[in-house]
Amino acid sequence: MKKIISCISVIALSLVLFSCSKKDAKVITVGATPEPHAAMLNLIVDDMAAQGYKLKVREFTDYVTPNEAVEAGEIDANFFQHVPYMDSFNEERGFHLKSVIGTHVEPLALYSKKYKKLADLPDGAVIAIPNDPTNEGRALLLLKAAGLIELDPKAGLTAVPADITKNARKFKFQEIEAASLPRVLDDTDAAVINGNYAIPAGLKATKDGLVVEGAESPYVNIITVKEGKENDPAIKALAKAITSQKVKDYILKTYPNGEVVPVF
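My aim in this report is to walk through the structure given alongside it, one point at a time. Keep in mind the model is a prediction, meaning the values are calculated, not measured.

A few points about the pattern of salt bridges
Scanning all chains against the criterion turns up seven salt bridges. When the shortest N-O distance is used, the salt bridge between K246 and D47 registers 2.9 Å. With K246 in helix α10 (residues 245–254) and D47 in helix α3 (residues 45–50), this pair connects stretches of sequence that are 199 residues apart. D47 gets classed as partly exposed once you look at its relative accessible area, which sits at 27%.

Structure (structure tokens):
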């Protein structure tokens, strides 16, 4: 009888310990656009588990909802944007988003299915650009750097087509939601597309881009949280894992043509 009681006690204790260990595994939910962000996060699930956290990756296909989810506390962090976009979002929406750590640059590029070289673009060509403030400005700055247009210096990073001071070749600009840009390539002469939407569409900046943003770009992708969570242990663990040598090696191997450039 004592042996039976002893066995029952051992089993009961094991169940309690198992229950506690499951309870102690803290869950952290991070929103991300599919590639390369979600792919990079899925790569570190085991690394986060080793630090005592269960990492859940929630995918988004737009640039607005993941910021709304962080601000509302629906998710702990997101991973898809750069600081200029985050700052613009905070200013426009009164949000309280904060950058935790920078990870990589996804070079912006001008793509075309109709023309192989920049010089082939005809006068009056229709060029699609992102319609959100920071990426629109970024796209116009790229075209300016290529000598296609000139911009009012006062416009800065948030330039819009109205800030174009010289357009000698009379290009026409269509402002399109960033996620839709790869799909309009058939209907336009060219489009400036963000890396995280170009990559899933099979576009490679250094191979397919008529103009490519340099690796010195200030538009570094970041882990973003709501103000006040920057020093949360789970966020610190996430920042450590996402900037590991393992992730850097993955980026360099997966994107050998410079579609994604690590900055850590």
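We are not done yet, so read on.
Quick word on the packing of aromatic side chains
Centre distance and the angle of the planes are the two values used to describe a pair of aromatic rings. Under the definition given, this model contains six aromatic pairs. Ring geometry for F80 and Y85: centres 6.1 Å apart, planes at 75 degrees, overall edge-to-face. In this pair, the class of F80 matches that of Y85, namely buried. Through a chain of ring-to-ring contacts, the aromatic side chains of Y63, F80, Y85, F89, F95 and Y197 assemble into a single cluster.

A short note on the environment of A77
Topologically, A77 is positioned in strand β3 (residues 77–82). Counting along the chain gives 146 residues from A77 to I223, while the straight-line C-alpha distance between them is 6.8 Å. Those residues within four positions of A77 in sequence are excluded, and the remaining contacts are T29, V30, G31, V70, I223, T224, V225, I235 and L238.

Side note on the environment of Y255
With respect to the helices and strands, Y255 occurs in the loop between α10 and β13 (261–262). For Y255, a relative accessible area of 5% translates into the label buried. Y255 sits 219 residues away from P36 along the chain, and the two C-alpha atoms are 9.5 Å apart. Excluding anything up to four places from it in sequence, Y255 contacts E35, P36, I199, Y250 and V260.

What about the packing of helix α5 (residues 83–93) against helix α6 (residues 133–145)?
One way to put it is that α5 packs onto α6 with a least axis distance of 8 Å and a crossing angle of 140 degrees. Taken together, the axes of α5 and α6 lie oblique to each other. Touching P84, Y85, S88 and E92 of α5 are P133, T134 and N135, all from α6. In the contact of α5 with α6, the residues fall into three nonpolar, three polar and one charged.

Digging into the nonpolar core
Counting residues in hydrophobic clusters, the biggest one holds 27 residues, and the most contacted among them are Y111, L181 and I193. Among the elements of the structure, α4 (65–71), α5, β5 (109–111), β10 (190–193) and α7 (195–198) are those that each provide at least two residues to this core. Here this core gets three residues from one element, more than from any other, and that element is α5. With residues up to four places along the chain from it excluded, the contact list for L181 reads A128, I129, P130, I176, A191, V192 and I193. In this structure, A38, L41, M48 and A234 belong to the second largest nonpolar core, which totals 25 residues.

Looking at unusual backbone geometry
Omega for the peptide link from E35 to P36 comes to 5 degrees, which places this bond in the cis form. For P36, the position within the fold is in helix α2 (residues 34–43). Within the chain, K170 stands out as a residue other than glycine whose phi angle is a positive 55 degrees. Among the structural elements, K170 can be located in the loop between β8 (164–166) and β9 (172–176).

Calculation notes
- Residues numbered from 1 in each chain as written.
- Predicted model: local features only at pLDDT ≥ 70, side-chain atom pairs only at ≥ 80, totals over all residues.
- Heavy atoms only, no water.
- Salt bridge = Lys/Arg side-chain N within 4 Å of Asp/Glu carboxyl O.
- Helix = DSSP H or I, 4+ residues; strand = E, 2+ residues; numbered from the N terminus.
- Buried < 20%, exposed > 50% of the residue type's maximum accessible area, 1.4 Å probe, protein only.
- Phe/Tyr/Trp six-rings, centres within 6.5 Å; stacked < 30°, edge-to-face > 60°.
- Contact = heavy atoms within 4.5 Å.
- Axes fitted to C-alpha atoms, helices over the stretch in contact; angles between N-to-C directions.
- Parallel < 35°, antiparallel > 145°, perpendicular 65-115°, else oblique.
- Nonpolar A, V, L, I, M, F, W, Y, C, P; charged D, E, K, R; others polar.
- Core = buried A, V, L, I, M, F, W, Y, C linked by side-chain atoms within 4.5 Å.

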